Amino acid sequence: MQEEFLKAMWHMNVILKARKHGFTTAVMYYFLDQAVFNSNVRAGVIAHTMESVETLFRDMVKFGYDSLAPELRATRKLVKDTSHEILLSNNSSVRVGMSMRSGTLQYLLVSELGTICAKYPEKAQEIKTGALNTIHSGQIVVIESTAKGRAGDFYDTCVRAQNIQRAGRPLSEMDFKFFFYPWFRNPLYVLDPKHVPIPDKMLAYFNKLLAEHDIRLSR
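All values reported here derive from a predicted model rather than from experimental measurement.

Draft legend 1. The packing of aromatic side chains, seen in detail. Counting across every chain of the model gives 9 aromatic pairs. An angle of 85 degrees between the planes, with centres 6.1 Å apart, marks the rings of Phe5 and Phe23 as edge-to-face. Here Phe23 lies in helix α2 (residues 23-37) and Phe5 lies in helix α1 (residues 2-8), a separation of 18 residues in the sequence. Classification of Phe5 as buried rests on a relative accessible area of 1%. Taking relative accessible area as the criterion, Phe23 reaches 1% and is therefore assigned buried. A centroid spacing of 6.1 Å and a plane angle of 80 degrees characterise the contact between Tyr30 and Tyr107, whose relative ring orientation is edge-to-face. With a gap of 77 residues between them, Tyr30 in helix α2 and Tyr107 in strand β6 (residues 105-111) connect regions that are remote in the sequence.

Draft legend 2. Representation of the pairing of β6. Most of β6 sits out of view: 6 of its 7 residues are buried. Strand direction decides the pairing type here: strand β2 (residues 42-46) and β6, joined by 4 bridges, are parallel. If you follow Gly44 over to β6, its bridge partner there is Leu108. Here β6 pairs with strand β7 (residues 135-145) via 6 bridges, running parallel. Following the sheet pairing, Leu108 is matched in β7 by Val141.

Draft legend 3. Examining the nonpolar core more closely. Phe5, Met28, Phe31, Ile86, Val96 and Val142 are the most contacted members of the largest nonpolar core, which has 31 residues in total. Elements supplying a minimum of two residues to this core: α2, β2, α3 (50-66), β4 (85-88), β5 (93-97), β6, β7 and β8 (176-181). If you tally residues by element for this core, the top one is α2, at 7 residues. With sequence-adjacent residues up to four places away left out, Phe31 is seen in contact with Ala43, Gly44, Val45, Val94, Tyr107, Leu108, Leu109 and Ile140. Leu16, Met100, Cys117 and Phe154 belong to the second largest nonpolar core, which has 22 residues in total.

Reading the values: the criteria
- Residues numbered from 1 in each chain as written.
- Predicted model: local features only at pLDDT ≥ 70, side-chain atom pairs only at ≥ 80, totals over all residues.
- Heavy atoms only, no water.
- Phe/Tyr/Trp six-rings, centres within 6.5 Å; stacked < 30°, edge-to-face > 60°.
- Helix = DSSP H or I, 4+ residues; strand = E, 2+ residues; numbered from the N terminus.
- Buried < 20%, exposed > 50% of the residue type's maximum accessible area, 1.4 Å probe, protein only.
- Pairing = 2+ DSSP bridges.
- Core = buried A, V, L, I, M, F, W, Y, C linked by side-chain atoms within 4.5 Å.
- Contact = heavy atoms within 4.5 Å.

Here is the structure:
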């Protein structure tokens, strides 16, 4: 699924997904790749809590850089290395934070915007008026989240992108492209059915998925 997304990625992208699909990891490594192999790149990642900021930076950005071949690290030395940002010798940087108002970015990932909208509406407004305004036409934005209700900027962005998709209208560089990755596409969500009873209520739901959406599930 991650490869599928990266091949189909547009300038502005919104991903509605189930949990643990790996899109945050894939996009962050894509951003690091752009920073390593291109000069003067500015990439930013917005997380919804300070704990997430620290975890994403440590486990994705720093781990990814430290895992590069030694000869590659030698040509892309760390000029700045903090708990939330690396700046390379080619003047490219990747930073993770709860806000990205300052500076101009070519790449922006907003992780779990649905959760931010539901729990931290003021922060969601800050992202809308601040971080998204640092992106110029033709750059790369990825917003990904699980669904958290039928309200807020994430929900509204998904609806607008879906409407464009359904209408078959060509996308402008400032239109969001809609991606949907449901739970049943993730092989990690599969259990051996031998000892798992399926209640009648769930069987009815699965039959409805088949009848109305042609979604065919194994037992």
